[in-house]
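# An overview of the molecular structure
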Amino acid sequence: GFVLTYSHPVGPNGQFAYRSYWLSRFSRVYATYFAGLVWGLLLLWVFLSGTLDQAKAEREQLPVARPRPSHTESGMEIRPLPPEYTLSPTEKILGAISVPLLLQAWYPKFSVYFWNAPAWSLSVEAFLYLIFPLLIIPLMKWTTRSLVILAGFCWIAMLIPPLWYYFTDPDHVGFIDWNMIQFWFNFVRHFPIFRVPEFVMGMVIGRLFADKAAANAGAGIGTGAWMSMSALVIVILTMTFAENIFGHGLAYILLHNGLLAPVFAVGVAGLALGGGPLAYFCSFKWMVVLGDCAYGIYLYHFPYLAYTVGMMHDQAKKGERISGAWEYIITYLVITVLSAVFFRTKLEKRIRLTIRDWAARLWPAPKNG
């Protein structure tokens, strides 16, 4: 919300460059998204072929009581796989169709679909990109005071769904462990409408920042330093002690759905102002490269994680040696980051230009005169 508001301004008479906005957003997002789907094709095949159904049937023969986690000699903790919800063959096909169309977040059973589970957030982003022009034009007419009040209401709106879920427990499972596949749990976490308030909060911060861009450019460094560092400290402290304050279940779902959104808003604005140790650290060339590749890292990490965790469970069942915790996480991070860097630097620009060219043919520029 912050970046779009700052980089796609509204004209003096409410004009908005719809065509260039849509083409730039679609080509930017879908190039990496497409690569993430290709990377996860094997997961899709496994899911559609029924291999996971077979594994689920094997698990259903185990005792109902939740077994304790076990450890291998190398220290790796082996937890039992969580129960799976059942998808009919029709639902599997619909899920496979919804993912490349960026529609999976609208139906909770599809939002963590096995093709590439983190892609639910891109489904949400696609909806936010769609409504951005409808929101930004009236938002430019609001006063500063009205915008601050709006941001406060947005924060309250973010917290209502997770609080409702926690206190009503519509899935009737409690928070004994990660219950990532429960219907209402994913509805609260992923449904696009519930993510609009945090997007609007970002737009508010972007609008306030843009209003004072000239003054910020010359006098905002000191302010940016304390804003970004204060936000960083609050985030670290909250993440460290959230479970002690709220308990395991409530802490997770509140943090997932926007508890720290105002803090991140302050931090983002502070980094945009520049200055301070955090901005200095983020300005290193290798950090800039990693920042450019962060989207790819996010999308590429899950297929590798799913492949390797599945193999380790099979190895553990057979009594074979599996990687130690540190050995695994280092290999996991190196492979995920290098694959994202390679795609970003070698392939993404070509794919983006190809997608933009196809999209431009489908939506040609209007002829002058």
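Conventions and cut-offs
Residues numbered from 1 in each chain as written. Predicted model: local features only at pLDDT ≥ 70, side-chain atom pairs only at ≥ 80, totals over all residues. Heavy atoms only, no water. pLDDT = per-residue confidence, 0-100. Contact = heavy atoms within 4.5 Å. Salt bridge = Lys/Arg side-chain N within 4 Å of Asp/Glu carboxyl O. Helix = DSSP H or I, 4+ residues; strand = E, 2+ residues; numbered from the N terminus. Buried < 20%, exposed > 50% of the residue type's maximum accessible area, 1.4 Å probe, protein only. Phe/Tyr/Trp six-rings, centres within 6.5 Å; stacked < 30°, edge-to-face > 60°. Axes fitted to C-alpha atoms, helices over the stretch in contact; angles between N-to-C directions. Parallel < 35°, antiparallel > 145°, perpendicular 65-115°, else oblique. Left-handed = near helix turned anticlockwise from the far one by under 90°. Nonpolar A, V, L, I, M, F, W, Y, C, P; charged D, E, K, R; others polar.

Moving on: the confidence of the model for the protein chain. In low-pLDDT regions, the fine details of the predicted coordinates are not to be read closely. Summing up the model confidence of the protein chain, the mean pLDDT is 82 and the portion of residues at 70 or higher is 85%. For residues 58-72, every residue scores under 50 in pLDDT, and the model assigns this stretch 18 contacts once sequence neighbours within four places are set aside.

Let us now look at the pattern of salt bridges. Oppositely charged side chains are able to pair whenever their charged atoms sit close together. Under the defined criterion, the tally for this structure stands at six salt bridges. Across the salt bridge formed by lysine 109 and glutamate 91, the nearest N and O atoms sit 3.8 Å from each other. Taken together, the residues lysine 109 in helix 6 (residues 108-111) and glutamate 91 in helix 5 (residues 89-98) connect sequence positions 18 residues apart. Residue lysine 109 shares its accessibility class with glutamate 91, and that shared class is buried. Of the charged contacts in the structure, one is a salt bridge between glutamate 198 and arginine 195, with a shortest N-O distance of 2.7 Å. Of the two residues, glutamate 198 and arginine 195 are both situated in helix 10 (residues 192-211); the distance of three residues between them amounts to about one turn of the helix. Relative accessible area serves as the criterion here: at 31%, glutamate 198 is assigned to the partly exposed category. Using a relative accessible area of 8% as the deciding quantity, one classes arginine 195 as buried. Through salt bridges with shared partners, one network takes in Arg28, Arg344, Glu348 and Arg352.

Once that is clear, we can look at the packing of aromatic side chains. The final tally for this structure, using the stated rule, is 30 aromatic pairs. Ring centres of phenylalanine 191 and phenylalanine 194 lie 5.6 Å apart, and the angle between their planes is 65 degrees; on these two criteria the pair is classed as edge-to-face. Taking the relative accessible area as the measure of exposure, phenylalanine 191 reaches 17% and is therefore buried. Using a relative accessible area of 23% as the deciding quantity, one classes phenylalanine 194 as partly exposed. When the centroid spacing of 5.2 Å and the interplanar angle of 70 degrees are considered together, the rings of tyrosine 280 and phenylalanine 284 count as edge-to-face. For phenylalanine 284, a relative accessible area of 33% translates into the label partly exposed.

Two packed helices can be described by the angle between their axes and the distance between those axes. Contact geometry for helix 16 (residues 285-317) and helix 17 (residues 325-362): axes closest at 7 Å, N-to-C directions at 135 degrees. Classified by the angle between their axes, helix 16 and helix 17 sit oblique to one another. Regarding helix 16 and helix 17, the two cross each other, and that crossing is right-handed. In contact with Leu290, Asp292, Cys293, Gly296, Ile297, Tyr300, His301, Tyr304, Leu305, Thr308, Val309 and Met312 of helix 16, helix 17 contributes Tyr328, Thr331, Tyr332, Ile335, Thr336, Val337, Ser339, Ala340, Val341, Phe343 and Arg344. Tallied by class, residues from the contact of helix 16 with helix 17 come to 15 nonpolar, six polar and two charged.

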